[in-house]
Amino acid sequence: MLIVMRNDATDQQIDLVMAKIKNKGFTPLPLPGTQRTAIGVVGNESRIDSSEFEILEGIKEIIHVSKPYKLAGREFFRNDTIINVEGVSIGGRNFTVIAGPCSVESREQIIKTAELVKISGAGLLRGGAFKPRTGPYSFQGLGKKGLEYLKEAKKISGMPIVTELMHLKYLDLVMEYADVIQIGARNMQNYDLLQELGAIKKPVLLKRGMAATMEEFLLAAEYILNGGNKNVILCERGIRTFERSTRNTLDLSIVSLIRELSHLPVIVDPSHGTGRRSLVAPMSFASMACGASGLMLEVHPDPKNAVSDAAQSITPEEFAEIMSKLKSMAMIFDKICP
Ligand code: PEP
Ligand code: MN
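The shown structure was predicted, so the numbers you read here are calculated from the model rather than taken from an experiment.

(A) Quick peek at the packing of aromatic side chains. One pass over the full model with this rule turns up three aromatic pairs. The interplanar angle of 25° and the centroid separation of 4.4 Å between the aromatic rings of phenylalanine 130 and tyrosine 170 together place this pair among those described as stacked. Of this pair, phenylalanine 130 sits in the loop between β8 (124–126) and α4 (144–157) while tyrosine 170 sits in the loop between β9 (161–164) and α5 (171–177), and the two are 40 residues apart along the sequence. Residue classification places phenylalanine 130 among the buried positions, given a relative accessible area of 11%. Given the relative accessible area of 29%, tyrosine 170 is considered partly exposed. When the centroid spacing of 4.5 Å and the interplanar angle of 25° are considered together, the rings of tyrosine 191 and tyrosine 223 count as stacked. With tyrosine 191 in helix α6 (residues 191–198) and tyrosine 223 in helix α7 (residues 214–226), this pair connects stretches of sequence that are 32 residues apart. When its relative accessible area of 32% is taken as the criterion, tyrosine 223 is described as partly exposed.

(B) Looking closely at the coordination of the manganese ion (ligand 2). Those protein atoms acting as donors to the manganese ion (ligand 2) are Cys102 (SG), His272 (NE2), Glu298 (OE) and Asp309 (OD), and they sit at 2.0 to 2.4 Å. For the manganese ion (ligand 2), all donor residues lie on one chain, and their spacing in sequence is C-x169-H-x25-E-x10-D. Here the residue cysteine 102 occupies a position in the loop between β7 (96–100) and α3 (107–120), and glutamate 298 occupies one in strand β14 (residues 294–298), the gap between them amounting to 196 residues. Given the relative accessible area of 4%, cysteine 102 is considered buried. On the basis of relative accessible area, glutamate 298 is assigned to the buried category, the value being 1%.

(C) Broad picture of the site of ligand 1. The immediate surroundings of ligand 1 are formed by Arg126, Lys131, Pro132, Glu164, Gln182, Gly184, Ala185, Arg186, Lys207, Arg237, His272 and Glu298. In the model, an oxygen atom of ligand 1 is placed 2.9 Å from a nitrogen or oxygen of the arginine 186 side chain. Residue composition of the shell around ligand 1, by class: two nonpolar, three polar and seven charged.

(D) Quick peek at the domain arrangement of the chain. Along its sequence, the chain is carved into domain 1 (2–63) and domain 2 (83–329). Relative placement of domain 1 and domain 2: their C-alpha centres are 38 Å apart.

(E) Structural context of the packing of α3 against α4. In the contact formed by α3 and α4, the axes pass within 9 Å of each other and the chain directions differ by 30°. As α3 packs across α4, the resulting crossing turns out to be right-handed. Across the interface between the two elements, Arg107, Ile110, Ile111, Ala114, Glu115 and Lys118 of α3 pack against Tyr149, Leu150, Glu152, Ala153, Ile156 and Ser157 of α4. Here the residues of the contact of α3 with α4 sort into seven nonpolar, one polar and four charged.

Rules used throughout
- Residues numbered from 1 in each chain as written.
- Chains lettered and ligands numbered in written order.
- Predicted model: local features only at pLDDT ≥ 70, side-chain atom pairs only at ≥ 80, totals over all residues.
- Heavy atoms only, no water.
- Phe/Tyr/Trp six-rings, centres within 6.5 Å; stacked < 30°, edge-to-face > 60°.
- Helix = DSSP H or I, 4+ residues; strand = E, 2+ residues; numbered from the N terminus.
- Buried < 20%, exposed > 50% of the residue type's maximum accessible area, 1.4 Å probe, protein only.
- Donors = N, O, S within 2.8 Å, 3.2 Å for Na, K, Ca; no water.
- Near = heavy atom within 4 Å.
- Polar contact = N/O pair within 3.5 Å; in protein donor to acceptor, adjacent residues only side chain to side chain.
- Nonpolar A, V, L, I, M, F, W, Y, C, P; charged D, E, K, R; others polar.
- Domains from an automatic or database assignment.
- Axes fitted to C-alpha atoms, helices over the stretch in contact; angles between N-to-C directions.
- Left-handed = near helix turned anticlockwise from the far one by under 90°.
- Contact = heavy atoms within 4.5 Å.

Written as structure tokens, this is what we have:
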């Protein structure tokens, strides 16, 4: 429920509304705006009987909020959330590109990639140090060493770091190195993890679970927001369907729908979304066209020899070409693409 106060409502009237909400066992969320002062009601599972509020003074209107994701939805927060990561903006009209290898493999590999993607216009550097692999015999990531290489690559390139956190036991370690904490598809519904991330301020890149509906995706974001961390970036990375020709089915229609229903930035990962190098460019262009706030692309200096996700990794040259085309598209789609 959203209680919109009249323009001439007194502080006392607002306080009374807040007290009533608390009294009913819910949490009041003051939403001061330039055109209206409203109070959101959070914490209810079902529709609230508004009759007890209607008798209070200073209220202009009471709006029943239909979506269960109150903090992630646009009903309370109409304006796009723009997240600042060390001077790089994500959200709104900004089209921000995160690029780098699937896994950090060596010092040379990550530094070389960072330097090359930076020149083409990448805003942030990605690289997994802790890797969620399907089988236990596959390369699991360099762990702390990988984080140290990322730190060096950041120092040289100036790009903030995005890297995955798989388990709470590594939270402090990953917090020390990451500028954005990535939560992978496999952990989208790890609610203990999400709750802990709500207690920090560092931006979180939340990837859609491979079998998650849009509502489950937004409710996962809601866990982080509800804990007090407002810096959530959503990432569409494809879902599992009956189609086996591509690694996943990249659900671009959901990106446009999330833009309508949520104020959070949503970026697209066409690398995991397709699993095919040749499809990364066309899906990147389609992502800008469908309203995404950016991309996350796997780029490797020698894709054929990448230790993970070789088939979907593009070369720095291919990356440069994609970036140059995105820059020409930006004006048509009203985006800012550096
Ligand atoms: C990744 O980005 O490297 C990754 C493992 O992605 P996902 O969690 O989407 O599979
Ligand atoms: Mn990968």
